[in-house]
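Fold and geometry: a report
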Amino acid sequence: MTVGHVFRHVAELASSKFPATKHPTFNKIFDVKVFNPECRASPELAQKYGVSMENVQQVVAIQNLITSDLTWWNPARKTKPQNFKAASAATSPAAGIHDPTGGGSPATCDFCSWQNLTAEDTFGRIEGPYAVTASNLFKYGAPFQGVVLFKHHDPLSFNFLQLSDLLTVADGWFTKAILQAQKEKEKIHTSTTPDTIEEELLSEPPQLYPLLVWNCLGRAGASQFHGHAQVMVSGAPFPSLQREYNAVMQYKMRDRDSIDGLETRVAKKKQEEKQGSNEGEADYYHDLVEAHGLVGLARRLVIPGNATHSGLSDKNIDIIWDDKVSSSATSVSNTGGGGKENNRRTTPELSTSAKPATATAHVSLCPTKDAEIVIHGSSLTCPAFQMVFYAALRALIDDLGVESFNAGIYNIPIDRESIENNNRVSKVSTPVEIINNSAPSSLPVVARIVSRGRLSSGASDFGGLEVFAGASIGHTDPWTAIQALDESLKRAIEE
């Protein structure tokens, strides 16, 4: 074994000044990139945390090119505020859980005073009636990483309009972040050939990977009690999503090797176009939902094209929630007692002037963590996707007693019309391959939600099996979870 230079810290490794980082063995295993993301801090925020108002940080991304493992390093994160250092006697009135901020106020919660005590992205904020964006003052993703926070404090108390606004604001943030990435000269280099990379960036737009993650409360990884989600546009692919995408492509190719498989796909595609399905050509995702449907664990929501966000509560809008997820329209009877064969409002004839919004949900037979519910839709702003996402969260919180959860949304399509109107178009990857003009419809937007259990539990639900083996142990029976989802969606439709 050759002993090379002894480095003092990650930033020194990333500086590309040492022979070790130019060695072929190092370069065929590791890729090292340096990002310098920026944000703006108000005078109050800068004084409180001792940062500059025109804030520039250094984020080092190190990726194993063989295993796809990825780690971000930013020394500024050592100083980020943490609400959950000690339990508080104060409780949240809505959820009955410990709130270290004493119920939330500008004096105790930065997010309750977001105008003054949160940072702002270089492209500004995206604000809706119930949610608003901020830049992450202690970044790990680059070139852009921010937060979308509720304007109200309690993280477990939100209605459909509030949740819908959070997703809509997030969608606006992704579009703005990618537009900004196109306008700014990327401050990036690698430890191997920085000159080549810089020249490439001048001629080629950056390859970008959008992701939304929501860590609800400390047990799920949040540092702030106030309800918020993380949004990021990464310059490096996310390992698990890359592995999933590779598996999806392998599954597609395997089916193409079979004549019967090809004929089946053609028949399914014709049926989906007729039904207005958004599963499209993403064969694995479609079959995953159908496989769960065959055992009664999948559902479909259809909202007519003439419905609007404000009109979803209109009793004259026909909303269909059923278990007909199969492309062959085979109905799966629900023997669990909690599901509904066809929950719908009796309404006049529907307008056919617009394509209906469709989303599916299934309770996973192989959950990453407990009670995993997976939603497929067409976009973050799709009414059906938003309603099923809302119903799934409320099912976990209200019906299954979950007090902490993780949610993630990926395969996020971007408003390509806005982006392509600019001179320089970014490569928006979902999750690892460049999307062409037609590709966003070929992959569903995927939301995954898992329970992290009750806050009163002193034991972690994440151990060596999950960390090293990538396996999990199931707790909540999937058929219990699908019954809870049925009841929750019924309530959401009737709101």
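Residues numbered from 1 in each chain as written. Predicted model: local features only at pLDDT ≥ 70, side-chain atom pairs only at ≥ 80, totals over all residues. Heavy atoms only, no water.

**Here we look at the overall build of the chain**
- When helices and strands are tallied, the chain shows 13 helices and 18 strands.
- Total accessible area computed for the chain in this model is approximately 22,200 Å², and 53% of it derives from carbon and sulfur atoms. (Helix = DSSP H or I, 4+ residues; strand = E, 2+ residues; numbered from the N terminus. Areas by Shrake-Rupley, 256 points an atom, 1.4 Å probe, with all protein chains shown as cover.)

**Digging into the packing of helix α5 (residues 160-183) against helix α10 (residues 383-399)**
- Where α5 contacts α10, the two axes come as close as 10 Å, and the packing angle between them is 120°. Taken together, the axes of α5 and α10 lie oblique to each other. By crossing handedness, the relation of α5 to α10 is classed as right-handed. Contacts from Phe160, Leu163, Ser164, Leu167 and Thr168 of α5 reach α10 at Phe385, Gln386, Met387, Phe389, Tyr390 and Leu393. (Axes fitted to C-alpha atoms, helices over the stretch in contact; angles between N-to-C directions. Parallel < 35°, antiparallel > 145°, perpendicular 65-115°, else oblique. Left-handed = near helix turned anticlockwise from the far one by under 90°. Contact = heavy atoms within 4.5 Å.)

**As for the nonpolar core**
- Ranked by size, the top nonpolar core spans 68 residues in total, and within it Phe174, Trp214, Ile375, Phe385, Phe389, Phe405 and Ile409 carry the most contacts.
- When sequence neighbours within four positions are dropped, the list of residues in contact with Phe385 reads Leu167, Ala359, Ile375, His376, Gly377, Ser379, Leu380, Ile409, Val445 and Ala447. (Core = buried A, V, L, I, M, F, W, Y, C linked by side-chain atoms within 4.5 Å. Buried < 20%, exposed > 50% of the residue type's maximum accessible area, 1.4 Å probe, protein only.)

**Some remarks on the packing of aromatic side chains**
- A full pass over the atoms with the stated rule returns 16 aromatic pairs.
- Ring geometry for Phe26 against Phe30: centres 5.4 Å apart, planes inclined by 45°, an arrangement best described as tilted.
- Ring centres of Trp214 and Phe405 lie 5.1 Å apart, and the angle between their planes is 70°; on these two criteria the pair is classed as edge-to-face. With a gap of 191 residues between them, Trp214 in strand β9 (residues 207-216) and Phe405 in strand β16 (residues 405-410) connect regions that are remote in the sequence.
- One aromatic cluster is present, formed by Phe150, Phe158, Phe160, Trp214, Tyr390 and Phe405 through successive ring pairs. (Phe/Tyr/Trp six-rings, centres within 6.5 Å; stacked < 30°, edge-to-face > 60°.)

**Focus: the pattern of salt bridges**
- Scanning the model with the defined rule gives 11 salt bridges in all.
- Note that Arg125 and Glu120 form a salt bridge whose closest N and O atoms lie 3.7 Å from each other.
- The salt bridge partner of Lys151 is Glu127, with a shortest N-O separation of 2.7 Å. Here Lys151, found in the loop between β7 (143-150) and α5, pairs with Glu127, found in the loop between α4 (114-117) and β6 (131-135); they are 24 residues apart in sequence, far enough to count as distant.
- In the salt-bridge network here, residues are joined through shared partners; they are Glu244, Glu372 and Arg448. (Salt bridge = Lys/Arg side-chain N within 4 Å of Asp/Glu carboxyl O.)

**A short note on the pairing of β7**
- Taking burial as the measure, the 8 residues of β7 include 8 buried ones, the bulk of the element.
- Direction of pairing for β6 relative to β7: antiparallel, over a ladder of 5 bridges. By the bridge assignment for β7, Ser135 is matched with Gly146. (Pairing = 2+ DSSP bridges.)

**Regarding helix α9 (residues 283-294)**
- The end-to-end C-alpha distance of α9, which contains 12 residues, comes to 16 Å, matching closely the 16 Å that a straight helix rising 1.5 Å per residue would cover.
- Three or more residues of α9 are buried, namely Asp283, Tyr285, His286, Asp287, Val289, Glu290, His292 and Gly293.
- Looking one or two places after α9, you find Gly296, whose phi comes out positive at around 80°. (Expected span 1.5 Å × (residues − 1).)

**Concerning α5**
- Relative to the 34 Å expected for 24 residues at 1.5 Å per residue, α5 spans 35 Å between its end C-alpha atoms, a close match to the ideal helical length.
- Burial runs high along α5: 19 of the 24 residues are buried.
- The N-cap residue of α5 is Asn159: its side-chain oxygen and the backbone nitrogen of Leu161 are 3.2 Å apart. (Polar contact = N/O pair within 3.5 Å; in protein donor to acceptor, adjacent residues only side chain to side chain.)

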